[in-house]
Amino acid sequence: MKNIKHQKNVLFGKNVGKLEKLDTKLNKKKILFVSPYSGKFAALSQFHAPPLGVMRVASYLNKKGHEAEYFDPNLHACNQKGPDLEQILKDTEWDIVGFSLLDETLLEDIKNIYLAKKIRPNALLVAGGVEAQFNYQQILDKTPCKIVILGEGEIPMLMIANDHNYNDIPGIVVKNPAKALSQELFNEATDSIPWETINYEDYWAVYKEMYGDEWNKEIEDSVNTIRVFSRNRCPIGCKYCSSTFQLTLATEGKVPVISQTEESLIHVIKRIKNAHKNVKMIYLTDDDFIINKRSVIRFCKLVVENKLNDLKFMAFSRITDLNEEVISWLKKANFVKLNIGVESFSERVLKEVGKRCPVEEIDPVLKLLKKYNIRPFMNIILTTPETKIEDVELTVDRTLEYIKDPFYMAGIIIGIQPLKGTIFYEEYTNFKSYITDIEGSSFKIRRDDYIWATDPKVKKLQKIYLETQADFIKNYIQENNIKHPNQAVLAPAHLILVKQIIEEIKNDTINLVTSSDQKSAEGEGRNFANSPLYNAYIDGQNITKKRSQNTARKFKGIKITTA
Ligand code: SF4
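The sections below set out a description of the structure shown in this document. Remember, it's a predicted structure, so these values are computed and weren't measured experimentally.

Some thoughts on the overall build of the protein chain
For step 1, the next point in the chain: Each helix and strand in the protein chain was counted, giving 23 helices and 16 strands.
For step 2, the next point in the chain: For the protein chain, the proportion of its 563 residues judged to be buried stands at 50%.
For step 3, the next point in the chain: Pairs at least 24 apart in sequence give 75% of the contacts found in the protein chain among residues at least 6 apart.
For step 4, the next point in the chain: Element-wise, carbon and sulfur atoms account for 52% of the exposed surface of the protein chain, whose accessible area totals about 27,800 Å².

Structure representation (structure tokens):
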């Protein structure tokens, strides 16, 4: 403890004995503060000095009766005097260890935080300083620190040391891990939804008006749908999806996949059917309803036994869930559609995104679904961070091949949106992003639209597509007199546009600009109020409304299908 005692004596000098005494009702805490660690760099590049920030907080806590010390790892790196941080952590049973973080020293500081967790697993770890304040979510999510201090540390650190309730302490952010619902609670919570009084009919009426004279039974079956969910999460862990990670990161532990029991699900469906006479379809919107084949077969049997198969059903599924036995049971229970994350017809891309689905399993399942007349809606992602132009072309061609048969439906997205909580968000930095104002505040916010592909040709494709998509889609909606421009209806347009761009890139008829600083419009390709694509939908639809009915719509040989 030589080094740390030396530092403490310098700080407190002869005044140590005159400090105010701690309120005797409170526990005196042993508190260690560690300043940012830049090794010898600070000493070499500047004029090295004692870390006044942590010294001030430590001295204030000592004055209030706690035993606070500080350690400057930079001084130790230079003079090697006294014990290092590891030894200091071992020598004293610290109640609290506080770290001051800077942007430039963040990685080294985080190493020190993990070292403290390893040696003093029961100590409360706290982070403060500029970097901790402005980056508190990462600090709380990715380090064992439980609290981040906002602004000056004296008041919150003293109140933490004095065991105040966290709710009463100003200037702290506390990570309080979530508790996942048990099976019993999951059933109870789902059952407590007031299914009988939800105003589904108001939602359906919007579409009846939208379709006007095109409204028919097929459309009514799609629209008069009630969504039910029965599972808490999906365990597969695809790299672009946050479903697997939301609960596990929130709870900081392993969360089992919890499912509503089949009986409880049947009970909910009966309530819905009794209360909403015009419901036509039940949509099981779990990320992967079919994941447990035995459970799904039991559910289908109960649907048949309870004569609920006068309703139609649809659900999310993975290709790998579906074999002939499962599909035949789905048919008996009157499943008519499955929403399937096919994503790509390229093995390379499926591996890249962690889909855990061999490409050769896709076609047999899609054909089996046709045999049983259960329509698949294929979710397709055209570009990923490492996609090559051949992968895109293969997926475009195969999807077009399928949707030429109106039995098959597809929903197309051009690329991966870097959603927080996904592996791709953590692994890539090259995002198509923009900064926008938050209306009604003085703040700005950064929005990340897509991950640019690393391959220059694919990046060019993404860019041209995003620039041209809004006009192309608007014209498509107008020319085809589309009342409800949903994903399935617009799929041919997206695919044909991408196909055209690929041809141009392959024939070298456009200039390949590979720099990443090309200017892009804000929110291109995203669908939120006033985004370029949103405005294309609205403009296209407004013109469509004024036109007469056109029931035999076709686009470049593809019949436009209804979702
Ligand atoms: S994309 Fe589908 S299969 Fe993959 S993790 Fe998300 S929900 Fe699960």
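What about unusual backbone geometry?
When glycine is set aside, most residues are seen to have a negative phi, and most peptide bonds are trans.
For step 1, the next point in the chain: With a phi close to 70 degrees, asparagine 334 is a non-glycine residue in the positive phi region.
For step 2, the next point in the chain: Here asparagine 334 is to be found in the loop between helix H16 (324–332) and strand E10 (335–343).
For step 3, the next point in the chain: In the Ramachandran plot, asparagine 373 falls in the positive-phi region, its phi being about 55 degrees despite a non-glycine side chain.
For step 4, the next point in the chain: By relative accessible area, asparagine 373 is classed as partly exposed at 47%.

Here we look at the environment of isoleucine 473
For step 1, the next point in the chain: Checked against the element boundaries, isoleucine 473 lands in helix H21 (residues 456–479).
For step 2, the next point in the chain: Distance in space between the C-alpha atoms of isoleucine 473 and alanine 536 is 6.6 Å, their sequence separation being 63 residues.

Description of the sheet that holds strand E1 (residues 30–34)
Picture the strands of a sheet paired through backbone hydrogen bonds; they go either parallel or antiparallel.
For step 1, the next point in the chain: Strand order in the open sheet made by the six strands is E2-E1-E3-E4-E5-E6, with mixed pairing throughout. Single-partner strands in this sheet number two, and they are strand E2 (67–71) and strand E6 (172–174). In this sheet, adjacent strand axes meet at a mean angle of 20 degrees when their direction is disregarded.
For step 2, the next point in the chain: Strand direction decides the pairing type here: E1 and strand E3 (residues 96–100), joined by four bridges, are parallel. Across the sheet, the residue bridging to valine 34 is phenylalanine 99, located in E3.
For step 3, the next point in the chain: Running over the sheet, helix H6 (residues 106–119) touches E1, E3 and strand E4 (124–128) and is turned about 175 degrees from E3.
For step 4, the next point in the chain: Docked against the sheet, helix H9 (residues 154–161) engages E1, E3, E4, strand E5 (147–149) and E6, running at close to 150 degrees with respect to E5.

Structural notes on the pattern of salt bridges
If charged atoms from side chains of opposite charge come close, those side chains can pair.
For step 1, the next point in the chain: Inspection of the entire model under this criterion finds 36 salt bridges.
For step 2, the next point in the chain: For lysine 28, the salt bridge identified is with glutamate 67, shortest N-O distance 3.9 Å. Highlighted residues: lysine 28 in the loop between helix H1 (2–12) and E1 and glutamate 67 in strand E2, separated in sequence by 39 residues.
For step 3, the next point in the chain: Its relative accessible area of 49% is what places lysine 28 among the partly exposed residues.
For step 4, the next point in the chain: One salt-bridge network, in which partners are shared between bridges, spans Glu393, Asp397, Lys499, Glu503 and Lys506.

With respect to the packing of helix H3 (residues 52–63) against H9
For step 1, the next point in the chain: Interhelical geometry of H3 versus H9 gives an angle of 45 degrees and a closest axis separation of 10 Å. Considering the angle they form, H3 stands oblique to H9. Where H3 crosses over H9, the handedness of that crossing is right-handed. Counting all contacts with H3, which are made through Arg56, Val57, Tyr60 and Leu61, the residues of H9 involved are Glu154, Met157 and Leu158.
For step 2, the next point in the chain: Looking at the contact of H3 with H9 residue by residue, the classes come out as five nonpolar, no polar and two charged.

Some thoughts on the side chain of threonine 251
For step 1, the next point in the chain: Relative to the helices and strands, threonine 251 resides in helix H13 (residues 243–251).
For step 2, the next point in the chain: Of the polar contacts made by the side chain of threonine 251, one reaches the backbone oxygen of leucine 247; its length is 2.7 Å.
For step 3, the next point in the chain: Residue contacts for threonine 251: discarding those within four places in its chain leaves Pro177, Ala178, Lys179 and Ala180.

Here we look at the site of the ligand
For step 1, the next point in the chain: Around the ligand, the neighbouring residues are Cys234, Ile236, Gly237, Cys238, Tyr240, Cys241, Thr244, Asp287, Arg318 and Lys355.
For step 2, the next point in the chain: When its residues are assigned to classes, the shell around the ligand shows five nonpolar, two polar and three charged.

A few points about the pairing of E3
For step 1, the next point in the chain: Counting buried positions along E3 gives five out of five residues, so the element sits mostly inside the fold.
For step 2, the next point in the chain: Both E3 and E4 contribute to a ladder of five bridges, which runs parallel. In the sheet register, isoleucine 96 faces E4, and the bridge partner there is leucine 124.
For step 3, the next point in the chain: In this view, the connection linking E3 to its parallel neighbour E4 by way of H6 has right-handed handedness.

Let's talk about the packing of aromatic side chains
For step 1, the next point in the chain: Counted under the stated rule, the structure contains 13 aromatic pairs.
For step 2, the next point in the chain: Relative to phenylalanine 431, the ring of tyrosine 425 has its centre 5.8 Å away and its plane inclined at 25 degrees; by these criteria the two rings are stacked.
For step 3, the next point in the chain: On the accessibility criterion, tyrosine 425 (25% relative accessible area) is partly exposed.
For step 4, the next point in the chain: Accessibility expressed as a relative area gives 13% for phenylalanine 431, which makes it buried.

Calculation criteria
- Residues numbered from 1 in each chain as written.
- Predicted model: local features only at pLDDT ≥ 70, side-chain atom pairs only at ≥ 80, totals over all residues.
- Heavy atoms only, no water.
- Helix = DSSP H or I, 4+ residues; strand = E, 2+ residues; numbered from the N terminus.
- Buried < 20%, exposed > 50% of the residue type's maximum accessible area, 1.4 Å probe, protein only.
- Contact = heavy atoms within 4.5 Å.
- Areas by Shrake-Rupley, 256 points an atom, 1.4 Å probe, with all protein chains shown as cover.
- Pairing = 2+ DSSP bridges.
- Axes fitted to C-alpha atoms, helices over the stretch in contact; angles between N-to-C directions.
- Salt bridge = Lys/Arg side-chain N within 4 Å of Asp/Glu carboxyl O.
- Parallel < 35°, antiparallel > 145°, perpendicular 65-115°, else oblique.
- Left-handed = near helix turned anticlockwise from the far one by under 90°.
- Nonpolar A, V, L, I, M, F, W, Y, C, P; charged D, E, K, R; others polar.
- Polar contact = N/O pair within 3.5 Å; in protein donor to acceptor, adjacent residues only side chain to side chain.
- Near = heavy atom within 4 Å.
- Right-handed = clockwise from strand over helix to strand, strands pointing away.
- Phe/Tyr/Trp six-rings, centres within 6.5 Å; stacked < 30°, edge-to-face > 60°.

Nothing here speaks to function; it is geometry throughout.
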